[in-house]
Amino acid sequence: MNWEEKPLRGQHRPNGDASAAQTPICRPLYNSADRGVPRTHYCGIMRGADAGEAVVLAGWVARRRDLGGLIFVDLRDRSGTVQVVFDPSENAGAHAVAGRLRAEYVVAVSGRVAERDPASRNRALPTGDIEIRPVEVEVLAESLTPPFYLTDEPAADETLRLRYRYLDLRRPAQNRNLALRHRITQVIRRYFDRHDFLEIETPSLTRSTPEGARDFLVPSRLSRGAFYALPQSPQLFKQLLMVAGFDRYFQIARCFRDEDLRADRQPEFTQIDVEMSFVAEEQVMAVTEGLMLEILERSDTRLARVPFPRITYAEAMARYGTDRPDMRFGMELKDVSALVLDGGTPAPAFCQATTGGGEVRAIVVAGGAGTSRKVLDGYAAEVARFGLGGLGSVHFADGGPRTSLSRFYAPEILERWRTEVAAETGDLLLIAAGPASKVRAALGQLRLHVARERGVIPDRELAFVWVTEFPLLEMSEQEGRLVAVHHPFTAVHPEDRALLATDPAAARARAYDLVLNGVELGGGSIRNYRRDQQMGLFEALGMSEAEAEQRFGFLLEALDYGAPPHGGIALGLDRMVMMLAGLDSIRDCIAFPKTSSGSCLLTGAPAPASAEQVKELGLEIGPAKV
Ligand code: ASP
């Protein structure tokens, strides 16, 4: 994907503000380091039309080629690079200085923009039609030899690049990612401002905000034995802002979750956090959709469908086997439980699954009839990871159906299946049987696997979908009790209110997720805005009144003072930028990310505290974790 903010006409600066174009002040460079470089232009911005212009540039030596006589230096700043040509016959002094230049030296150059002769123009470089003929050059800072080449494609492993992050960020690709993030952030701010949202900051030192993860705790020196928690999200504060009457809030908020990190998680991450008063699901979704469309206006991708389709959680699980369906392609899961029992001698695995309360589901792989035994074995291995014993297949080949199930079903029956599942001749039917949750998860995964393998996913397309009506609660295997699926401030679906007391696990929530191409971009919910509603949920979660008061008394009390009905959403900014920039790693759109073990290789955080600090906090440190 390629996201670009449209350049403004007459743009002279990397942020595109033409009205604030720099006025050329051609002071001599003398003592620039002390007096400030009288810079006139950014390196990457000059074009053929600038030929003849007197310029002062400052930047880093990206490359130096000494051709015996001429020395060519590529000078880099955040806007790009430009070639400076040092010719001893034109300027012996400058040429002598250039002789000393090495990679990553910081220099200021004054000179003139000159058109390159046609033979030496470089089409691959935006400034390739011109070069700088220097008048003066001043070395502002020298550099050690960098531990890796600062090329567009990373030339060193990530550990080394994270250790020297400030060098890695000089690489144009990295620089572009953060510039893109900045632009997207500006679009977001402008959008919310235009829609009457107020950007309000909420505290980082706070009480626990349960979002289902472990808290980062900060010991208090002034209240010994007490801890702040870093917010997992600004959830309770944004609700309190609604109680306070702010009506529409947003924040580009830092959140902290102490989880075992997976490849694309960071212990601290950024959310576009939103809350609105007097709204139901549709209004929150509409504002979010508007935001996404505004951001995407500047991308070269195609939106699959606007308005974004909506699908309930139950439907998503049944049709795609996941609550994060990738809607860029079909291959939906079909319930064939009745079909496979109707005629022939139903295969024992199918009978067993259906009589045991499970189900039989299938996917149709278009044009897959020729799939080899070996590939099918690979598919079976995929579903085996979900605890399923096998995978049935029917090849609807030209000469009639071929199947692993021929002992049980005659060709006429298979032909009927073909019509029922809307398969064509040339297609392949893959069938799984067992407990519903396993069958759906396995086929959902297989659907993605097959689609990727067969290259049927249109990669320049963006398919958004809203997944709604999530379950309110789920059984936590780890804790052996019900926990909130979204968070415990989410309102129950109006039709399921009575279930809260009788069968809470069956109740649906007024919660929704925004999913893009199979990735969850964010989620939110309509909240409990009355004490009795909120207490009802706490009770369903097994929380006593005393415990609820102790943990969330401040929220319950606020609800006693007239809270408006409200709801909101939070979208992951890091992941959004990653997808829009077409990056593989979330770390590439964060200036100073942490490794998957949560450490910062640049600063060495987390690091031991001094004995003095630990004592002041009234803590005792146990033996180191091995
Ligand atoms: N606080 C929620 C989250 O961080 C989002 C929301 O409900 O608005 O996922």
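One can find the structure itself at the top, above this paragraph.
Residues numbered from 1 in each chain as written. Predicted model: local features only at pLDDT ≥ 70, side-chain atom pairs only at ≥ 80, totals over all residues. Heavy atoms only, no water.

1. Side note on helix α12 (residues 436-453)
For the α-helix, the turn length of 3.6 residues means that residues three or four positions removed from each other point alike. Between its first and last C-alpha, α12 extends 25 Å over 18 residues, near the 26 Å set by a 1.5 Å rise per residue. Among the residues of α12, those classed as buried are V439, R440, A442, L443, G444, L446, R447, L448, V450 and A451. Those residues of α12 hidden inside the fold are in contact with α8 (313-320), β14 (359-365), α10 (373-384) and β17 (428-434). Phi turns positive, to about 65 degrees, at G455, one or two residues after α12. (Helix = DSSP H or I, 4+ residues; strand = E, 2+ residues; numbered from the N terminus. Expected span 1.5 Å × (residues − 1). Buried < 20%, exposed > 50% of the residue type's maximum accessible area, 1.4 Å probe, protein only. Contact = heavy atoms within 4.5 Å.)

2. What to know about the pairing of strand β1 (residues 54-66)
The pairing of β1 with strand β4 (residues 106-115) spans 7 bridges and is classified as antiparallel. Looking at the pairing, G59 lines up with V107 of β4. (Pairing = 2+ DSSP bridges.)

3. Here we look at the site of the ligand
For the ligand, the set of nearby residues contains 14 residues, the closest of which are E211, Q235, K238, H486 and R527. Q235 places a side-chain nitrogen or oxygen 2.7 Å from a nitrogen atom of the ligand. Taking H487, its side chain carries an N or O atom lying 2.9 Å from an oxygen atom of the ligand. Isolated, the ligand exposes 270 Å² of accessible area, and the fraction of that covered by the protein chains is 94%. Taken together, the elements giving at least two residues each to the shell around the ligand come down to α6 (235-243), β23 (519-526) and β24 (566-572). When residues of the shell around the ligand are assigned to their parent elements, the largest contribution, 3 residues, is made by β24. Grouping the constituent residues of the shell around the ligand by class yields 2 nonpolar, 8 polar and 4 charged. (Near = heavy atom within 4 Å. Polar contact = N/O pair within 3.5 Å; in protein donor to acceptor, adjacent residues only side chain to side chain. Areas by Shrake-Rupley, 256 points an atom, 1.4 Å probe, with all protein chains shown as cover. Nonpolar A, V, L, I, M, F, W, Y, C, P; charged D, E, K, R; others polar.)

4. A closer look at the packing of α10 against α12
Relative to each other, α10 and α12 sit at 145 degrees, their axes nearing to 9 Å. Seen from above, α10 lies across α12 with right-handed handedness. Together, V375, Y379, E382 and V383 of α10 and A442, Q445, L446, H449, V450 and E453 of α12 make up the contact between the two elements. Residue composition of the contact of α10 with α12, by class: 6 nonpolar, 2 polar and 2 charged. (Axes fitted to C-alpha atoms, helices over the stretch in contact; angles between N-to-C directions. Left-handed = near helix turned anticlockwise from the far one by under 90°.)

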